[in-house]
Amino acid sequence: MPTPKQRLPYSTAGGGGGGRRAASGSGVLPPVVVLVFLFVVAPSLFFVVRNGGRGHVHVASDPKVRNGDQEAVAMANLKSILPKEVIDAIAANQQEVGTLSLDFFRNHESPSWKTDDLVTEKGIYVNDKAKAENSAAEHDLPTNKSPKDSDEHQVDTAVKIARRKLREKRREKRAMDLLHKDDEARVKLENAAIERSKAVDSAVLGKYSIWRKENENENSDTTVRLIRDQIIMARVYSALAKSKNKSGLFQELQTRIKESQRAVGEAAADADLHHSAPEKIRAMGQVLSKAREEVYDCRAITQRLRAMLQSADEQVRSLKKQSTFLSQLAAKTIPNSIHCLSLRLTIDYYLLPLEKRKFPRSENLENPSLYHYALFSDNVLAASVVVNSTIMNAKEPEKHVFHLVTDKLNFGAMNMWFLLNPPGKATIHVENVDEFKWLNSSYCPVLRQLESASMKEYYFKADRPTTLSAGSSNLKYRNPKYLSMLNHLRFYLPEVYPKLDKILFLDDDIVVQKDLTGLWDVDLDGKVNGAVETCGESFHRFDKYLNFSNPHIARNFDPNACGWAYGMNIFDLKEWKKKDITGIYHKWQTMNEDRVLWKLGTLPPGLLTFYKLTHPLDKSWHVLGLGYNPSIDRSEIDGAAVVHYNGNMKPWLELAMTKYRPYWTKYIKYDHPYVRGCNLSE
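Rules of the game
- Residues numbered from 1 in each chain as written.
- Predicted model: local features only at pLDDT ≥ 70, side-chain atom pairs only at ≥ 80, totals over all residues.
- Heavy atoms only, no water.
- Salt bridge = Lys/Arg side-chain N within 4 Å of Asp/Glu carboxyl O.
- Helix = DSSP H or I, 4+ residues; strand = E, 2+ residues; numbered from the N terminus.
- Buried < 20%, exposed > 50% of the residue type's maximum accessible area, 1.4 Å probe, protein only.
- Core = buried A, V, L, I, M, F, W, Y, C linked by side-chain atoms within 4.5 Å.
- Contact = heavy atoms within 4.5 Å.
- Right-handed = clockwise from strand over helix to strand, strands pointing away.
- Pairing = 2+ DSSP bridges.
- Axes fitted to C-alpha atoms, helices over the stretch in contact; angles between N-to-C directions.
- Disulfide = S-S within 2.5 Å.
- Expected span 1.5 Å × (residues − 1).
- Parallel < 35°, antiparallel > 145°, perpendicular 65-115°, else oblique.
- Nonpolar A, V, L, I, M, F, W, Y, C, P; charged D, E, K, R; others polar.
- Phe/Tyr/Trp six-rings, centres within 6.5 Å; stacked < 30°, edge-to-face > 60°.
- Lys NZ or Arg CZ within 6 Å of the ring centre and 35° of its normal.
- Polar contact = N/O pair within 3.5 Å; in protein donor to acceptor, adjacent residues only side chain to side chain.

Draft legend 1. Structural view of the pattern of salt bridges. Summed over all chains, the structure comprises 13 salt bridges. Residue Arg490 pairs with Asp507 through a salt bridge whose shortest N-O separation is 3.7 Å. Placement of Arg490 in the loop between helix H19 (485-488) and helix H20 (493-496) and of Asp507 in the loop between strand E4 (502-506) and strand E5 (510-512) is noted, with a sequence separation of 17 residues between them. Residue Arg490 is classed as buried on the basis of its relative accessible area of 5%. The exposure class assigned to Asp507 is buried, which follows from its relative accessible area of 14%. For Glu575, the salt bridge goes to Lys578, with nearest N and O atoms at 3.8 Å.

This is how it looks when you write it as structure tokens:
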């Protein structure tokens with residue numbers, strides 16, 4: 001029985017090849033046919049399909065056939081030879097990239113397609129006669145296009161437009177697919193975030209959320225927040241309703257907004273709400289549902305909420321400026337109650353006979369073996385706290401001597417207070433800074449500068465900004481304390497107390513909690529000033545206070561040098577005189593007449609004057625920040641020898657931090673007749 005012929009997987013265009021394969025019985029194409037197809041037929045067909053103009057490899061034998069007809073014939077031949085999948089791939093590639101020509105490959109050759117290499121290695125060549133015919137045809141083209149050429153051009157243009165539309169549709173489809181994938185990814189992330197949020201301890205972060213009704217809201221202001229959220233959304237919808245000429249809906253929303261505002265009023269908690277609040281919430285909810293159905297527009301709502309957020313941000317910034325201005329204004333003023341206390345004490349002092357105006361133990365004032373304190377203040381109540389707290393925590397009160405200096409306005413009040421409330425066995429003496437005749441403009445640069453026209457213009461010019469928002473940044477430098485010689489008297493301690501060897505300087509906004517006599521035993525190692533350093537990793541260093549763009553500062557000081565605190569400083573007056581500290585201060589103060597080295601104040605010139613002359617004390621001696629920092633550790637305060645209310649929130653002001661105020665108020669006798677008569681209260 002004869003063996004049946006094997007069926008070939010594909011056949012060529014001619015019948016002879018099929019007969020030969022059948023005869024061989026192997027089912028494999030002869031090598032010659034494969035080589036002919038790969039190196040002759042396939043490239044020719046490729047360029048026929050891809051060619052858009054010049055360099056056509058003509059498959060059609062009739063030279064009169066137009067390009068479109070040639071392509072049609074070529075495609076017909078290809079369909080009879082190649083599988084359908086190959087034809088579809090070629091067509092899709094042509095639509096995506098456009099028609100290619102030999103010139104394109106000559107101009108954009110790549111390592112994977114080099115014509116010269118192919119011609120040399122594979123022996124493929126283009127018929128020179130065909131090249132000549134193509135060149136002649138190109139040179140013979142007329143300069144003026146015929147109607148036929150014009151029609152061909154229009155056909156080409158229509159084909160290009162169609163291809164372009166297909167490409168655009170394909171791009172849009174791809175973009176939609178990507179968006180769909182992004183939406184799916186976002187939904188997955190949101191679901192994961194919701195699952196994570198359920199595991200968060202709501203006792204710490206709070207349970208309030210108007211969008212999560214399943215959560216139990218125990219906050220006392222939940223209803224207040226809900227009403228305010230409703231008002232915000234009603235404002236958004238009212239703007240949309242107005243833009244879409246929905247006058248009825250707009251009026252209804254406006255009415256509900258006013259009703260909700262009246263219901264919430266100034267309430268900060270649910271207990272403060274009017275009894276009609278639940279009814280207003282329900283009514284507003286119905287209107288919002290109606291508005292959502294009629295005018296909802298996601299993009300417009302987003303834009304409107306963003307605009308409201310930006311507006312609220314601007315309002316917050318403005319309020320912060322106002323708060324800064326008001327806090328600085330409050331910090332440089334004296335409350336009415338303390339002013340009342342000073343006036344009453346002053347009147348009673350000048351009614352006293354001269355013999356009753358003297359303090360006992362005046363012989364201790366120049367005894368260098370005792371513990372001497374310097375306190376310069378115009379606040380009677382603050383000075384009394386410093387003295388009382390120091391004496392109450394001293395081991396040997398009789399060895400402590402207080403040198404108080406005040407101005408002419410408060411001299412009588414300061415004397416009268418300590419005459420009525422003497423500090424036990426300690427010695428106290430009050431002086432008037434205006435009676436220091438040696439402290440004049442010819443000797444003191446600060447007094448000389450205060451008489452200059454530029455300083456008067458800086459401080460007293462009538463048209464400088466005085467509004468709440470304008471000029472607040474420079475307000476602290478215009479504080480009157482910078483004009484007071486009480487603030488600069490600390491640089492003249494040897495002149496004020498020439499018989500003393502050491503003295504402890506105290507600010508009037510400090511409270512003493514421990515015995516301070518150990519400071520007189522600290523070895524300053526030849527330095528003049530003993531102080532607690534205030535710098536951290538990058539905070540409160542010299543570059544914070546001084547202008548290092550000035551060559552005088554940059555040449556003489558290290559910008560990373562550590563700053564230190566005024567408020568509790570032990571000074572060696574012998575070393576002070578040897579090193580002429582006051583002269584150094586005068587030099588730098590004179591150079592800063594135009595305020596080019598630092599702004600006004602006493603700490604910057606102190607840093608310059610005592611540069612490399614300051615001995616760092618242990619930080620437990622002096623804890624700062626009770627006038628501005630709400631996060632000081634309680635253990636640091638309790639373990640400190642001195643706590644300092646530096647900053648704007650002084651303990652005698654209403655804006656003082658409540659948590660720190662008891663450290664100060666416990667040294668005030670609120671049952672004192674003068675204190676009670678001026679309505680001073682804790």
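Draft legend 2. How the structure looks around the nonpolar core. Leu404, Leu504 and Leu516 are the most contacted members of the largest nonpolar core, which has 64 residues in total. The element that contributes the greatest number of residues to this core is helix H15 (residues 380-392), accounting for eight residues. Leaving out residues up to four positions away in the same chain, Leu404 has contacts with Leu375, Ala383, Val387, Met414, Phe418, Ile428, His429, Val430 and Glu431. Among the nonpolar cores identified, the runner-up in size contains 43 residues, and Val405, Leu486, Phe571 and Trp576 belong to it.

Draft legend 3. Main features of the pairing of strand E2 (residues 400-406). Most of E2 is tucked away: seven of the seven residues are buried. Burial of the side chains of E2 extends over both faces: His400, Phe402, Leu404 and Thr406 are buried on one face and Val401, His403 and Val405 on the other. Each parallel crossover has a hand, and for strand E1 (residues 371-376) linked through H15 to E2 it is right-handed. As for the winding sense of the linkage, the β-α-β connection from E2 through helix H16 (residues 411-420) to strand E3 (residues 427-432) is right-handed.

Draft legend 4. Region of interest: the sheet that holds E3. Ordered in space as E3-E2-E1-E4-E7-E6-E8, the seven strands form an open sheet in which the pairing is mixed. Among the strands making up the open sheet, the edge pair consists of E3 and strand E8 (614-616). Across the sheet, the mean angle separating the axes of adjacent strands is 25° when strand polarity is ignored. Seen against the sheet, H16 touches E2 and E3 and runs at an angle of roughly 170° to E3.

Draft legend 5. Quick peek at the state of the cysteines. Applying the stated criterion to the full structure yields two disulfides. When the cysteines of the chain that form disulfides are numbered from the N-terminus onward, they connect as 1-4, 2-3.

Draft legend 6. Structural context of helix H10 (residues 222-243). The end-to-end C-alpha distance of H10 is 32 Å, a good match for the 32 Å that 22 residues give at a rise of 1.5 Å each. Those residues of H10 not exposed but buried are Thr222, Val224, Ile227, Gln230, Ile231, Ala234, Val236, Tyr237, Ser238, Ala239, Leu240 and Ala241. Structurally, H10 contributes buried residues whose contacts are with helix H11 (247-264), helix H12 (277-295) and helix H13 (298-331). Trailing H10 by a residue or two, Asn245 shows a phi angle of about 60°, which is positive.

Draft legend 7. Inspection of unusual backbone geometry at higher detail. With a phi close to 60°, Arg361 is a non-glycine residue in the positive phi region. Tracing the chain through its elements places Arg361 in the loop between helix H14 (336-350) and E1. With a relative accessible area of 30%, Arg361 lands in the partly exposed category.

Draft legend 8. Main features of the sheet that holds strand E10 (residues 642-644). Taken in spatial order, the three strands line up as E5-E10-E9 in an open sheet, and their pairing is mixed. Two strands bound the open sheet, and with one partner strand each, they are E5 and strand E9 (622-623). In this sheet, E10 lies alongside E9 in parallel orientation, the contact comprising two bridges. Bridging across to E10, His622 finds its partner in Val642.

Draft legend 9. The pairing of E1, seen in detail. Taken across its six residues, E1 has six buried, putting it largely inside the fold. Residues Tyr371, Tyr373 and Leu375 point to one face of E1 and His372, Ala374 and Phe376 to the other, with burial holding for every one of them. As paired elements, E1 and E2 share six bridges and run parallel to each other. Bridging across to E2, Leu375 finds its partner in Leu404.

Draft legend 10. Local environment of the environment of Asn487. Secondary-structure assignment places Asn487 in helix H19. Residues Asn487 and Thr602, spaced 115 residues apart in sequence, show a C-alpha to C-alpha distance of 7.1 Å.

Draft legend 11. Broad picture of the side chain of His400. As for its position among the elements, His400 is in strand E2. Take His400: its relative accessible area is 0%, and that puts it in the buried class. Those residues in contact with His400 that lie beyond four places of it in its chain are Tyr371, Tyr373, Ile391, Ala394, Ala426, Thr427, Asp515 and Thr517.

Draft legend 12. Just the packing of H14 against H16, in detail. Interaxial distance between H14 and H16 falls to 7 Å at its minimum, and their mutual angle equals 80°. Regarding the angle of H14 to H16, the classification is roughly perpendicular. For the pair formed by H14 and H16, the contact residues are Leu341, Ser342, Leu345, Thr346, Asp348, Tyr349 and Tyr350 on the first element and Phe411, Gly412, Ala413, Asn415, Met416, Trp417, Leu419 and Leu420 on the second. For the contact of H14 with H16, the class distribution of residues is 10 nonpolar, four polar and one charged.

Draft legend 13. Spotlight on the packing of aromatic side chains. Throughout the structure, instances matching the rule amount to 24 aromatic pairs. Ring geometry for Tyr349 and Tyr350: centres 5.1 Å apart, planes at 80°, overall edge-to-face. Here Tyr349 falls in the buried class, since its relative accessible area comes to 5%. When the centroid spacing of 6.0 Å and the interplanar angle of 50° are considered together, the rings of Trp652 and Trp664 count as tilted. Here Trp664 lies in helix H27 (residues 662-665) and Trp652 lies in the loop between E10 and H27, a separation of 12 residues in the sequence. Considered together, Trp652 and Trp664 belong to a single accessibility category, that of buried residues. The cationic tip of Arg292 hangs over the ring face of Tyr296; the distance from NZ or CZ to the ring centre is 4.4 Å. The ring of Tyr566 carries the charged tip of Arg490 above its face, separated from the ring centre by 4.7 Å.

Draft legend 14. Up close: the environment of Arg541. Topologically, Arg541 is positioned in the loop between strand E6 (529-531) and helix H21 (542-545). Taking the C-alpha atoms as reference points, Arg541 and Trp564, 23 residues apart in sequence, are found 8.5 Å from one another. A polar contact is formed between the side chain of Arg541 and the backbone oxygen of Asn560, at a distance of 2.8 Å.

Honestly, that's just the spatial picture; any functional story needs more than this.
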